[in-house]
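Residue-level structural notes
Chain residues, written in single-letter form:
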Amino acid sequence: MKISRITLLLLAALSLSVPAHAGDTVATVNGKPIKQSLFDFIVKDASDHGQKVDDNVREVIMSKLISSELVLQEAQKAGLDKKADYIAKEELTRRELLVNMYIQDYMKSHPVSEADTKAAYEKFKAELGDKEFSARHILVSSESEAKDIIAQLNKGGDFNKLAKDKSKDPGSKDKGGDLGWFSLSGMVKPFSEAVAKLQKGSVTSEPVQTQFGWHVIKLEDVRDMKAPPYDKVKDGLQKQLGQRQLEKMLTDLRAKATI
């Protein structure tokens, strides 16, 4: 059985700072108590994550608790808990734990609604469009180099060979600049606008500039596209909406704070 890193950190932090009370001791190690509540927490955490907790697993949990307590005592004897690095890390761990717990609680009390998710899906479909495109490109650093490539293509140059020889895009150059199938929404705006104006088999007559450099683009094909069904993208959309909620919450907190 695996005990998560955060659980071990929690064990260490609580063992250092919170004394065990009567009735809250599951074992003692060199006279130091191991708290029943910590044992119960790990059992619950394992169960919540799909682990079947039987007697064997309980023994493993107890063994790990005893081992961690033994090492903890040695660390305290060595004075490691008094070192500045440890104190800083302990504080950061507590902050992170409390922040994460607050975020989890916030998301439970502010769930993403089905209506909002479906509205996001309709927006996603509209942005995706009903066509997808297959294209190749050659990415270079300067406009003059891109114009030279276009001139070579106009004289009968081989696009695939030029891409392999000159393109700076590591993901496509060895494939002759092939980008595969994509929706226009998946590309940066200058690139997608240029692709949308091309006819099948044609190449951009002028270089296309994006933040990545200068592109020479060849449109290979266009086909109809259906958006993935709602159930396939629902979880991803909800995560996006949840992230936006968290970002708004933080923005609101900053706006009200004196920093």
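Note that this is a predicted model, so its numbers are computed, not measured.

**Overview of the pattern of salt bridges**
Inspection of the entire model under this criterion finds 14 salt bridges. Notably, a salt bridge pairs K131 with D224, separated by 2.4 Å at the nearest N-O pair. Of this pair, K131 sits in strand β3 (residues 131-140) while D224 sits in strand β6 (residues 213-224); the two residues are 93 residues apart in sequence, bridging distant segments of the chain. A salt bridge links K147 to E143, with the shortest nitrogen-to-oxygen separation between them at 3.7 Å.

**Focus: the nonpolar core**
Counting 11 residues, the largest nonpolar core consists of I138, V140, A146, I149, I150, L153, F159, L162, A163, W214 and V216. Counting residues per element, the ones that place at least two in this core are β3, α6 (143-154), α7 (159-166) and β6. No other element matches α6, which puts four residues into this core. Beyond its immediate stretch of four places on either side in the chain, V140 contacts E145, A146, I149, K166, K168, G213 and W214.

**A word on the pairing of strand β1 (residues 25-29)**
The pairing of β1 with strand β2 (residues 32-35) spans four bridges and is classified as antiparallel. When the bridges of β2 are listed, T28 appears paired with P33. If you look at the hairpin formed by β1 and β2, you'll find two residues sitting between the two strands, and N30 has a positive phi there, around 55 degrees.

**Concerning helix α3 (residues 55-77)**
Here α3 spans 33 Å end to end across 23 residues, near enough to the 33 Å set by a 1.5 Å rise per residue. For α3, the full list of buried residues reads V57, I61, M62, L65, E69, L72 and Q73. Here α3 starts with a cap whose side-chain oxygen sits 3.2 Å from the backbone nitrogen of N56, and that cap is D54. Positive phi appears at G79, one or two residues downstream of α3, with a value of about 80 degrees.

Basis of the calculations
- Residues numbered from 1 in each chain as written.
- Predicted model: local features only at pLDDT ≥ 70, side-chain atom pairs only at ≥ 80, totals over all residues.
- Heavy atoms only, no water.
- Salt bridge = Lys/Arg side-chain N within 4 Å of Asp/Glu carboxyl O.
- Helix = DSSP H or I, 4+ residues; strand = E, 2+ residues; numbered from the N terminus.
- Core = buried A, V, L, I, M, F, W, Y, C linked by side-chain atoms within 4.5 Å.
- Buried < 20%, exposed > 50% of the residue type's maximum accessible area, 1.4 Å probe, protein only.
- Contact = heavy atoms within 4.5 Å.
- Pairing = 2+ DSSP bridges.
- Expected span 1.5 Å × (residues − 1).
- Polar contact = N/O pair within 3.5 Å; in protein donor to acceptor, adjacent residues only side chain to side chain.

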